[in-house]
Protein chains: 2
Amino acid sequence: MKNIDKLRRAGLRPTKQRLIIADILLDGPNRHFTAEDLQDEICASGNYMSIGTVYNCLKRFKNSGLIKQVEYSKDTAIFDTNTTFHHHFLNEETGELIDIENDKVILGKLPEIPSGFLNSGVDIIIKLKKHT
Amino acid sequence: MKNIDKLRRAGLRPTKQRLIIADILLDGPNRHFTAEDLQDEICASGNYMSIGTVYNCLKRFKNSGLIKQVEYSKDTAIFDTNTTFHHHFLNEETGELIDIENDKVILGKLPEIPSGFLNSGVDIIIKLKKHT
DNA sequence: ATTTTACTTTAAAATGATTCTAAACTACTT
DNA sequence: AAGTAGTTTAGAATCATTTTAAAGTAAAAT
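Since this is a predicted model, take the numbers as computed values, not measurements.

On to the protein's contact with DNA strand D, then. Close contacts around DNA strand D come from 19 residues, with A:Thr15, A:Gln17, A:Thr53, A:Ala77 and B:Tyr55 the closest. Sugar and phosphate atoms form 91% of the subset of DNA strand D atoms that lie within 4 Å of the protein. The separation between a phosphate oxygen of DNA strand D and a polar side-chain atom of A:Thr15 is 2.7 Å. Taking A:Gln17, its side chain carries an N or O atom lying 3.3 Å from a phosphate oxygen of DNA strand D. When residues of the surface near DNA strand D are traced back to their parent elements, those giving at least two are helix 2 (16-25) and helix 4 (51-63) of chain A together with helix 4 (51-63) of chain B. The residue inventory of the surface near DNA strand D, partitioned by class, reads five nonpolar, six polar and eight charged.

Here the focus is the side chain of B:Asn82. Position of B:Asn82 among the secondary structure elements: in the loop between strand 3 (79-80) and strand 4 (86-91). Classification of B:Asn82 as buried rests on a relative accessible area of 4%. Side-chain polar atoms of B:Asn82 contact the side chain of B:Thr84, separated by 2.6 Å. What B:Asn82 contacts, discounting residues up to four positions off in sequence, is A:Asn30, A:Lys68, B:Asp99 and B:Glu101.

Strand order across the open sheet formed by three strands is 1(B)-3(A)-2(B), with antiparallel pairing between neighbours. If you trace the sheet from one side to the other, it starts and ends with strand 1 (32-33) and strand 2 (68-69) of chain B, each paired once. In this structure, strand 3 (residues 79-80) of chain A lies alongside strand 1 of chain B, joined through two bridges in antiparallel fashion. Bridge pairing in strand 1 of chain B places A:Phe79 opposite B:Phe33.

What follows covers the relation of the copies chain A and chain B. Expressed as a screw transformation, the operator carrying chain A onto chain B has a rotation angle of 180° and an axial translation of 0.0 Å, and the superposed copies differ by an RMSD of 0.1 Å. What the superposition gives is, in effect, a two-fold axis relating one chain to the other. Most of the interface of chain A is mirrored in chain B, where 100% of its interface residues again form contacts.

Before going further, it helps to examine the domain arrangement of chain A. If you check the domain split of chain A, you get domain 1 (3-63) and domain 2 (71-132). The straight-line distance from the C-alpha centre of domain 1 of chain A to that of domain 2 of chain A is 30 Å.

Moving on, we come to the sheet that holds strand 5 (residues 97-101) of chain B. Read across the open sheet, the six strands follow the order 5(A)-4(A)-7(A)-7(B)-4(B)-5(B); overall the sheet is mixed. Looking at which strands have only one partner, the edges of the open sheet turn out to be strand 5 (97-101) of chain A together with strand 5 of chain B. Strand after strand, the sheet turns through a mean of 30° between neighbouring axes, direction not considered. Bridge count for strand 4 of chain B against strand 7 (residues 117-130) of chain B is four bridges, and the pairing is parallel. Counted as the bridge partner of B:His88 is B:Ile125 from strand 7 of chain B.

Let's shift gears to the protein's contact with DNA strand C. In the neighbourhood of DNA strand C, 19 residues make up the surrounding shell, with A:Tyr55, B:Thr15, B:Gln17, B:Thr53 and B:Ala77 lying closest. Counting only the atoms of DNA strand C that lie within 4 Å of the protein, the sugar and phosphate share comes to 89%. A distance of 3.2 Å is found between a phosphate oxygen of DNA strand C and a side-chain nitrogen or oxygen belonging to A:Arg8. Taking B:Asn56, its side chain carries an N or O atom lying 3.4 Å from a phosphate oxygen of DNA strand C. For the surface near DNA strand C, the elements supplying multiple residues, two or more each, are helix 4 of chain A together with helix 2 (16-25) and helix 4 of chain B. The greatest single-element share of the surface near DNA strand C, amounting to three residues, is contributed by helix 4 of chain B.

Turning our attention to the interface of chain A and chain B. Tallying the contact residues gives 69 residues for chain A and 69 residues for chain B. Taken together, both faces of the contact between chain A and chain B bury some 6600 Å²; the carbon and sulfur share is 63%. Between B:Lys127 and A:Asp123 there is a salt bridge, with the nearest N and O atoms lying 3.1 Å from each other. The tally of links between chain A and chain B comes to 32 residue pairs in polar contact (both at pLDDT 80 or more). When contributions to the side of chain A that touches chain B are tallied by element, the ones reaching two or more residues are strand 1 (32-33), helix 4, strand 2 (68-69), strand 3, strand 4 (86-91), strand 5, strand 6 (106-109) and strand 7 (117-130) of chain A. In the side of chain A that touches chain B, the residues fall into 32 nonpolar, 20 polar and 17 charged.

Attention now moves to the pairing of strand 4 of chain B. All names here are of chain B. Along strand 4, six of the six residues are buried, which leaves the element largely enclosed by surrounding structure. Here strand 4 shows a buried face lined by His 86, His 88 and Leu 90 and a second buried face lined by His 87, Phe 89 and Asn 91. Alignment of strand 4 against strand 5, held across five bridges, turns out to be antiparallel. Counterpart to Leu 90 in the pairing with strand 5 is Leu 97. Hairpin connection of strand 4 to strand 5: five residues between the antiparallel strands, including Gly 95 at a positive phi of 80°.

Rules used in this analysis
- Residues numbered from 1 in each chain as written.
- Chains lettered and ligands numbered in written order.
- Predicted model: local features only at pLDDT ≥ 70, side-chain atom pairs only at ≥ 80, totals over all residues.
- Heavy atoms only, no water.
- Near = heavy atom within 4 Å.
- Polar contact = N/O pair within 3.5 Å; in protein donor to acceptor, adjacent residues only side chain to side chain.
- Helix = DSSP H or I, 4+ residues; strand = E, 2+ residues; numbered from the N terminus.
- Nonpolar A, V, L, I, M, F, W, Y, C, P; charged D, E, K, R; others polar.
- Buried < 20%, exposed > 50% of the residue type's maximum accessible area, 1.4 Å probe, protein only.
- Contact = heavy atoms within 4.5 Å.
- Pairing = 2+ DSSP bridges.
- Least-squares fit on C-alpha atoms with pLDDT ≥ 70 in both.
- Domains from an automatic or database assignment.
- Axes fitted to C-alpha atoms, helices over the stretch in contact; angles between N-to-C directions.
- Buried area = accessible area lost by both parts, 1.4 Å probe.
- Salt bridge = Lys/Arg side-chain N within 4 Å of Asp/Glu carboxyl O.

Here is the structure:
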């Protein structure tokens, strides 16, 4: 499908800027990137876009499901007095965290660890929304 | 154990400021908090501490294992073009992310969801360190 | 006990990521 | 072609965090 149609189907007005971003992000292989990474790539493609627009577009793309934001890239550090190995419920509306003790979760199958690396810890976040 | 000894055992010089923080954090029940939350509580206890010192102490406490930092509270947003349900390896040294497709992980047992809430998604982060 | 040394705290400035603002612009509708 | 509602822009503002350099303090060495 053409990117202009992907934008329309996502309910986004297909502006010049959004098409530039769609052309970079929505074809080709998946990737992880920051707003600044994307702005650099926009420059490299011979275009220009203000950083405000990059952020704005990313937010719209995310809200309409064209991309995701990695869950654990939040802007404020949260500390935890619980130093045992444990996991968290995350109340998506309030940001509140609730501990999940380790024995409440069992991983039945783990992926193969990339060669040359060791598993140095597993963090599980279970997001919660209010029951309706 | 007295907090002054917890600090010493952690290899931290027990300064007045670190003891104030230890008294707030290391007794009583576990909790999640930001640097600003802690500074407010320091104020509420009739003490004062510059925000720089609060950050500095939290970093030292964390590095010596007295507290933890919640894994997914990082300062830069990371976006992901992979909108399927999936998880991530996190290279702790470089911050690089690698996708883990959903069928590579099986959760054998999940904790009971707090009443009034629904599970709205599970994110798993497997941290990697270089094999030595 | 005093001096020395290395580490720590502080206020303030600096940085970095992100959001906001108000004016100019543009896609879509009438 | 004109209207309107949404979008982009530069730049300012904000927020979290780190850095800086000077003053202060705990521990080690005399």
